[in-house]
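Chain residues, written in single-letter form:
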Amino acid sequence: MFAISLGDEAAELRPLEPWQAEEFLAHMDRGRDFIGEFIALAAAATDLDSARAFLHSYAEKQAADGGRIYGIWLDGTLVGGVLFRVFDAALEYCEVGCWLEPAAVGKGLVTRAVRLLIDWAVVERGIHRVEWMAASGNTASVNVAKRLGMTREGVLRDAFPYRGVRHDMEVWSVLAPEWRELRSR
C-alpha cells in the first residue's frame, strides 16, 4: 500500500479499501452528524456490513476504472477522505468529492488531497474536465472549490432532496488547460 504525505508528516492520503471497513465505520461514527449535514455518505455506512459494502462498491468502481476512494489519515487516524465519485476516461471527465470529521476541519487537508487527485487525473489519465458538486449551504465545500481555482458554472435549483429538504447544488469545474496554468504559477 502507498501513502502520500499531505504536506506534513502527520497527514497522509492512502487508498481506502474494504478490509478497512471497521476503521471506516469508527470514523463515520465519530463524524456522522457533521458529515451527514450535507453528504449522504454518513447514511451509507451505519454498521460493519454497510461500511464494507460501501467500500466494496468503490473497489468495484476502481476495477472498472469508474471511480476511486482514498482516506485521509492524521496522526495515524482516519479522519476523512476524497474520491472520484465518477471517473470516465473515455469522456475525459470526472467528479471529485470529499468529507471530513470535525477533528480534521480547518487544516487544509481536503484542498491538498484533492489537488493530488486532480493532478493525477489531468496529468496521468488525460482527464479534461473535473467537476465538483456542493450544496449551496455547504460553505466549506464551496470554499474548497474556490481555493482549487475552480469556476462556478451554475446552480441546480432544488436538485438534491436530502433529509426532507431540497438543496440547491452548485456546479464547479476546472478544465485541464486551466489546471495546468494554475499549477504552473
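Relevant structure appears above.
First things first, this report covers the structure right here in the doc. (Residues numbered from 1 in each chain as written. Predicted model: local features only at pLDDT ≥ 70, side-chain atom pairs only at ≥ 80, totals over all residues. Heavy atoms only, no water.)

A word on the overall build of the protein chain. When you go through the protein chain residue by residue, the secondary structure sums to six helices and eight strands. For the protein chain, the sequential pattern of α-helices and β-strands runs β-β-α-α-α-β-β-β-α-β-α-β-β-α. What you see for the protein chain is a C-alpha radius of gyration of 16 Å, in line with the 16 Å of a compact globule of 185 residues. C-alpha atoms of the protein chain, sized along the principal axes, occupy 40 × 40 × 35 Å. Here the protein chain, with 185 residues, has 45% of them falling under the buried criterion. Long-range contacts, defined here as pairs at least 24 residues apart, represent 58% of the contacts in the protein chain between residues at least 6 apart. Accessible surface, the protein chain as shown: approximately 9,100 Å² in total, 52% of it carbon and sulfur. Between the averaged position of the 21 positive side-chain charges in the protein chain and that of its 27 negative side-chain charges there is a distance of 4 Å. (Helix = DSSP H or I, 4+ residues; strand = E, 2+ residues; numbered from the N terminus. Rg over C-alpha atoms; globule rule 2.2 N^0.38 Å. Buried < 20%, exposed > 50% of the residue type's maximum accessible area, 1.4 Å probe, protein only. Contact = heavy atoms within 4.5 Å. Areas by Shrake-Rupley, 256 points an atom, 1.4 Å probe, with all protein chains shown as cover. Lys, Arg positive; Asp, Glu negative; His and termini not counted. Charge placed at Lys NZ, Arg CZ, Asp CG, Glu CD.)

With mixed pairing, the eight strands of this open sheet are ordered in space as 1-2-3-4-5-6-8-7. Because the sheet does not close on itself, it has two edges, and the strands there are strand 1 (4-5) and strand 7 (151-162). Where strand 2 (residues 11-15) lies against strand 3 (residues 68-74), five bridges are found, and the strand directions are antiparallel. Among the inter-strand pairings, Glu12 is bridged to a residue of strand 3, identified as Trp73. The sheet strands contacting helix 1 (residues 21-35) are strand 3, strand 4 (77-88) and strand 5 (93-100), and the helix crosses strand 4 at an angle near 85°. (Pairing = 2+ DSSP bridges. Axes fitted to C-alpha atoms, helices over the stretch in contact; angles between N-to-C directions.)

It is worth spelling out unusual backbone geometry at this point. Phi is positive for Asp158, close to 50°, though the residue is something other than glycine. Considering the arrangement of structural elements, one finds Asp158 in strand 7. Here Asp158 falls in the partly exposed class, since its relative accessible area comes to 43%. At Arg163, a position not held by glycine, the phi torsion is positive, near 55°. The residue Arg163 is located in the loop between strand 7 and strand 8 (165-175) in this model.

Let's shift gears to the side chain of Arg32. Assignment of secondary structure puts Arg32 in helix 1. For Arg32, a relative accessible area of 19% corresponds to the buried category. Side-chain polar atoms of Arg32 contact the backbone oxygen of Ala45, separated by 3.0 Å. For Arg32, the residues in contact, after removing those within four places along its chain, are Leu25, Ala42, Ala45 and Thr46. (Polar contact = N/O pair within 3.5 Å; in protein donor to acceptor, adjacent residues only side chain to side chain.)

Formed by 36 residues in total, the largest nonpolar core has its most connected members in Ile72, Val82, Ile118, Val130, Trp132 and Met150. Looking at which element gives the most residues to this core, the answer is helix 4 (residues 109-124), with eight residues. Setting aside residues up to four positions removed in sequence, Val82 forms contacts with Leu13, Ile69, Tyr70, Ile72, Gly97, Cys98, Trp99, Ala113, Val114 and Leu117. Among the nonpolar cores identified, the runner-up in size contains 18 residues, and Ile35, Ala42, Leu55 and Tyr58 belong to it. (Core = buried A, V, L, I, M, F, W, Y, C linked by side-chain atoms within 4.5 Å.)

Glancing now at helix 3 (residues 48-63). Over its 16 residues, helix 3 runs 22 Å from end to end, which matches the ideal 22 Å to within 8%, given 1.5 Å per residue. Ser50, Ala51, Phe54, Leu55 and Tyr58 are the residues of helix 3 that are buried. All buried residues of helix 3 lie within an arc of 135° about the axis, which places them on one face of the element. Exposed residues on helix 3 whose side chains face more than 90 degrees from its buried face are Asp49 and Ala63. In this fold, the buried residues of helix 3 make contact with helix 1, helix 2 (41-44), strand 3 and strand 4. The opening residue of helix 3, the one whose side-chain oxygen lies 3.2 Å from the backbone nitrogen of Asp49, is Asp47. In the stretch just after helix 3, Asp65 is the one whose phi turns positive, near 60°. (Expected span 1.5 Å × (residues − 1). Arc of directions from axis to C-beta.)

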